[in-house]
Amino acid sequence: MSTIERFTAADDLLHDIGTAPHVRESYFFVLPLPSEGIAAMVYAWRTGATGQFGRLVAIGGEDIGAPQVFDIVDGVDLVGDDLDDCEIAGLHIRHPEPLRRASLSFSSDAVTLDVTVEGLHRPVSWHENPDGCPAWAATDRYEQSVRTSGTLRVDGREIAIDGIGHRDHSWGPREWGVIQHWKWMNAATPDGSVSLHAWESSALGARHRLGYVNRGGEIAVITDLRVESSLDDALVHRSLTATILDETGRETVFTAAYRAGVALPFSGLLLYENAMDATIDGAPAIAHVEHGWPQPYVEQLRR
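Considering the side chain of Arg167
Step number 1: Along the chain, Arg167 turns up in strand β11 (residues 157–173).
Step number 2: Polar side-chain contacts of Arg167 include one of 3.4 Å to the side chain of Tyr142.
Step number 3: There is a polar contact of 2.9 Å between the side chain of Arg167 and the side chain of Gln144.

Overview of the pairing of strand β12 (residues 179–188)
Step number 1: Among the 10 residues in β12, nine count as buried, and that is most of the element.
Step number 2: Both β12 and strand β13 (residues 194–203) contribute to a ladder of nine bridges, which runs antiparallel. Opposite Ala187, over in β13, you have Leu196 as the bridge partner.
Step number 3: Between the antiparallel neighbours β12 and β13 lie five residues, among them Gly192 with a positive phi of about 75°.
Step number 4: Pairing of β12 with strand β19 (residues 283–294), which is carried by seven bridges, proceeds in the antiparallel orientation. Pairing of Ala187 across the sheet is with Ala287, part of β19.

Brief notes about the environment of Asn129
Step number 1: Its location among the elements puts Asn129 in the loop between β9 (124–125) and β10 (140–154).
Step number 2: For Asn129, a relative accessible area of 5% translates into the label buried.
Step number 3: Taking the C-alpha atoms as reference points, Asn129 and Tyr212, separated by 83 residues in sequence, lie 8.3 Å from one another.
Step number 4: Ignoring any residue separated from it by four or fewer positions in sequence, one finds Asn129 in contact with Arg209, Leu210, Gly211, Val221 and Ile222.

Side note on the packing of aromatic side chains
Step number 1: Throughout the structure, instances matching the rule amount to 13 aromatic pairs.
Step number 2: Seen in terms of ring centroids, Tyr43 and Trp45 are 5.1 Å apart; in terms of plane orientation they differ by 40°. Their pairing is tilted. This pair shows no difference in class: Tyr43 is buried, exactly as Trp45 is.
Step number 3: Residues Trp136 and Trp199 carry aromatic rings whose centres are separated by 6.2 Å and whose planes lie at 50° to one another, so their mutual orientation is tilted. Here Trp136, found in the loop between β9 and β10, pairs with Trp199, found in strand β13; they are 63 residues apart in sequence, far enough to count as distant. Each member of the pair, Trp136 together with Trp199, is buried.
Step number 4: Joined through ring pairs, the aromatic side chains of Phe28, Tyr43, Trp45, Trp184 and Phe266 make up one cluster.
Step number 5: Sitting above the plane of the Trp126 ring, Arg141 keeps its charged end 4.0 Å from the centroid.

What counts and what doesn't
- Residues numbered from 1 in each chain as written.
- Predicted model: local features only at pLDDT ≥ 70, side-chain atom pairs only at ≥ 80, totals over all residues.
- Heavy atoms only, no water.
- Helix = DSSP H or I, 4+ residues; strand = E, 2+ residues; numbered from the N terminus.
- Polar contact = N/O pair within 3.5 Å; in protein donor to acceptor, adjacent residues only side chain to side chain.
- Buried < 20%, exposed > 50% of the residue type's maximum accessible area, 1.4 Å probe, protein only.
- Pairing = 2+ DSSP bridges.
- Contact = heavy atoms within 4.5 Å.
- Phe/Tyr/Trp six-rings, centres within 6.5 Å; stacked < 30°, edge-to-face > 60°.
- Lys NZ or Arg CZ within 6 Å of the ring centre and 35° of its normal.

Right under this line is the structure:
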């Protein structure tokens, strides 16, 4: 079983990514609330070529094509010295306990979000997997299942956040255009005792299967992954079943069903970000599952 401790406190801060085209540093926080019919997410990034930052706050409901909030800003300066305590166009990010706890706050006419995320286990690098982190995806990145707590006010509702989510932090090359399709899957039981992260992609003629299963803080990285998704006419994943084999030889079965979502168009790609009711080995769970497609492919099939 993996015992790698790859990251230090400095890895919750900015990295030297250079200024080449297609280099980026980013944080992604997903806050699925399927019982409330809400898919919530916060994305923050720095572009190497310009050194400037951007952020997205998105909230979706049952209709994936009609987000309740889609507030995106790009090409702004960071307010603050580093990511331990900073602001990007009104999004306040803090890391009071590096690699363990982070807090986000944002307020606009449409939404107010105050949330703290706390890791259920150590951050896990894709480099720990047998396939390793593809060079076009990042120099390095971590994935971490988290517990979420706080408050969301949107569409006249005030929702207490007390659940499960996921975060990642990546830095280096970001050549998403080489990927033909991918599935980025995250789930945990409500008590946080079991969680998983799994990523499957098809790129440059190769299939990548990355991620981990966490059981009580013990990480076992994925060695094989089989996923079957049920798609609608727009290629939105309405349900899926994944069978995961990890380095211990154990098999984990993950299922998920759509409750809410947001469609994110980025750089010629279309990302479907879905909050889903789920199970892990038959036990109730909460999931956020992203499927990514080339936009022309989706448009062609819809025609």
